[in-house]
Amino acid sequence: MRRRVLGLGAALIVLVGVAGCGSSDSGTSGPSTTGGGGTTTVKVGIVPIVDVAPLYLGQQKGFFSSRGIKVEMIAAQGGAAIIPGVVSGQFEFGFSNTTSLMVAQVKKVPVKSVANGAASNGKVGADVTAVMVRKDSPVKTAKDLAGRTVAVNTLQNIGSTTVRESVRKAGGDPSKLKFVEIPFDQMPAAVDDGRVDAAWMGEPAQTVAKAQGARVVASPFAETDPRLTVATYFTSTQLAQRDPDLVKRFAEAMAESLRYASAHPDEARQTLTTYTKISGDVLKKLILPGWPTEVDMASLEKLAGLSEQDGLFGDQKPDLATLFS
């Protein structure tokens, strides 16, 4: 499994044999329309994680088909493939964490967010991501992480930025953190055997680690902002200009899917079994993200400011109004 992942940075990648997850679709040039009803097939590049459950649930409930859209989810190993895949036309839409979209924009990559994806659930101690340590660790709070080694799934991204903010808010020195890159699925073992002092885990890695006795010492998303918009669905600016009606219909279907998933968390949880290997006690206990229909611009402004402070944007600043409105 590749180390660089872009999902929400928010949960374990559990790849399954998803049809069409290879690169054979790279020659596509746009959405295809078939059938007498004019149904448009669109490819959506995703990482098969907890956060995208509403997309699959919405497909099952007919929220896309009722708007003349047939959704084909294409599993990618990470956002490193999703963003260029959307820009090149391999995918019509993609799923990405908001920090990576900001970084893409300042690098002049023509992307545009079109629908919300996932957010912090706002619960410190029970959010969709957490910094976890071994049961016998001397680390008791985020302040104690200063001077320690913390695993994140991708360096210089939403994980490290929000972990620094947790340490800062707890009165620690975030400049003394040492980050190392480890895939989410390897983090519980890395903490348990002492290879790292702590790890920023999504789900279901959190649930697995808790079963091994690990403790939560920080909830970086919720501590950065309890309404933090973590990820969104996006398209290329070219498609947004060329076919605004398709983009509008996709966004409407996605909003209905988010509303339904929020109102029916048990159904959303069960949907995970259709595209991941999550099951049993892990399925029952894992923490779900928030699925609001609207991005929270105030939280994105805060995240952008912290990312700028971390040097993620160079000498540029993202235009949040253009990217996310």
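So, here is what we can say about the structure in this document. (Residues numbered from 1 in each chain as written. Predicted model: local features only at pLDDT ≥ 70, side-chain atom pairs only at ≥ 80, totals over all residues. Heavy atoms only, no water.)

## Overview of the pattern of salt bridges
Should their charged atoms come close, side chains of opposite charge can pair.
Part 1: Applying the stated rule across the entire model yields eleven salt bridges.
Part 2: Across the pair Asp193 and Arg195 runs a salt bridge, and its minimum N-O distance is 3.0 Å.
Part 3: One salt bridge in this structure joins Lys317 and Glu308, with 3.9 Å as the shortest N-O distance.
Part 4: Residue classification places Lys317 among the exposed residues on the basis of a relative accessible area of 61%.
Part 5: Classification of Glu308 as partly exposed rests on a relative accessible area of 36%.
Part 6: Linked by salt bridges that have partners in common, Arg67, Glu252 and Glu256 make up one network. (Salt bridge = Lys/Arg side-chain N within 4 Å of Asp/Glu carboxyl O. Buried < 20%, exposed > 50% of the residue type's maximum accessible area, 1.4 Å probe, protein only.)

## What about helix 3 (residues 98–106)?
Part 1: Counting buried positions over the nine residues of helix 3 gives nine, a clear majority of the element.
Part 2: Among the residues making up helix 3, those that are buried are Thr98, Thr99, Ser100, Leu101, Met102, Val103, Ala104, Gln105 and Val106.
Part 3: For helix 3, the N-terminal capping position is held by Asn97, with its side-chain oxygen 2.9 Å away from the main-chain nitrogen of Thr99.
Part 4: Where helix 3 terminates, the next one or two residues include Lys108, which has phi positive at roughly 70 degrees. (Helix = DSSP H or I, 4+ residues; strand = E, 2+ residues; numbered from the N terminus. Polar contact = N/O pair within 3.5 Å; in protein donor to acceptor, adjacent residues only side chain to side chain.)

## Some thoughts on the pairing of strand 2 (residues 39–46)
Part 1: Within strand 2, seven of the eight residues are buried, which leaves it mostly tucked inside the rest of the structure.
Part 2: Across seven bridges, strand 2 lies against strand 3 (residues 69–75) in parallel orientation. Opposite Thr41, over in strand 3, you have Lys70 as the bridge partner.
Part 3: Since strand 2 and strand 3 lie parallel, the crossover through helix 1 (residues 53–61) that links them has a hand, and here it is right-handed.
Part 4: As defined by bridge partners, strand 2 adjoins strand 4 (residues 93–97) across two bridges and the pair is classed as parallel. Opposite Val44, over in strand 4, you have Phe93 as the bridge partner. (Pairing = 2+ DSSP bridges. Right-handed = clockwise from strand over helix to strand, strands pointing away.)

## Focus on unusual backbone geometry
Part 1: That bond from Glu203 to Pro204 is cis: its omega, 10 degrees, falls within 30 degrees of zero.
Part 2: Checked against the element boundaries, Pro204 lands in the loop between strand 9 (198–201) and helix 6 (205–211).
Part 3: Its identity as a non-glycine residue notwithstanding, Lys108 has a phi of 70 degrees, on the positive side.
Part 4: Among the residues examined, Lys108 registers a relative accessible area of 67% and is labelled exposed.
Part 5: Residues other than glycine seldom take positive phi values, yet Gln156 does so here, at roughly 55 degrees.
Part 6: Within the element layout of this structure, Gln156 appears in the loop between strand 7 (149–152) and helix 4 (158–169).

## With respect to the side chain of Thr99
Part 1: Within the secondary structure, Thr99 sits in helix 3.
Part 2: Judged by its relative accessible area of 0%, Thr99 is buried.
Part 3: Residue contacts for Thr99: discarding those within four places in its chain leaves Asn157, Ile158, Leu303, Ser307 and Leu312. (Contact = heavy atoms within 4.5 Å.)

## A look at the sheet that holds strand 9
Paired through backbone hydrogen bonds, the strands of a sheet run either parallel or antiparallel to each other.
Part 1: Strand order in the open sheet formed by five strands is 8-7-9-6-10, with mixed pairing between adjacent strands. Both edges of this open sheet fall to strand 8 (178–181) and strand 10 (215–218), since each of them pairs with a single strand only. Strand after strand, the sheet turns through a mean of 35 degrees between neighbouring axes, direction not considered.
Part 2: Pairing geometry for strand 7 and strand 9, over two bridges, is parallel. Bridge pairing in strand 9 links Val150 to Ala198.
Part 3: Those strands touched by helix 4 are strand 6 (130–133), strand 7, strand 8, strand 9 and strand 10, and its axis lies near 120 degrees from that of strand 9. (Axes fitted to C-alpha atoms, helices over the stretch in contact; angles between N-to-C directions.)

## Observations concerning the nonpolar core
Part 1: Grouped together as the largest cluster of nonpolar side chains are 95 residues, with contacts concentrated most on Val44, Leu55, Phe93, Met102, Leu145 and Tyr233.
Part 2: Among the elements that take part in this core, helix 9 (residues 244–263) stands out by supplying eight residues, more than any other.
Part 3: Excluding its chain neighbours within four sequence positions, the residues that come into contact with Leu145 are Val131, Val139, Val150, Val167, Leu177, Ala198 and Val217. (Core = buried A, V, L, I, M, F, W, Y, C linked by side-chain atoms within 4.5 Å.)

## A short note on the side chain of Thr98
Part 1: Along the chain, Thr98 falls in helix 3.
Part 2: Other than its neighbours up to four places away in sequence, Thr98 contacts Ile158, Thr229, Val230, Ala231, Thr232, Leu300, Leu303 and Phe324.

The values are spatial; any link to function lies outside them.
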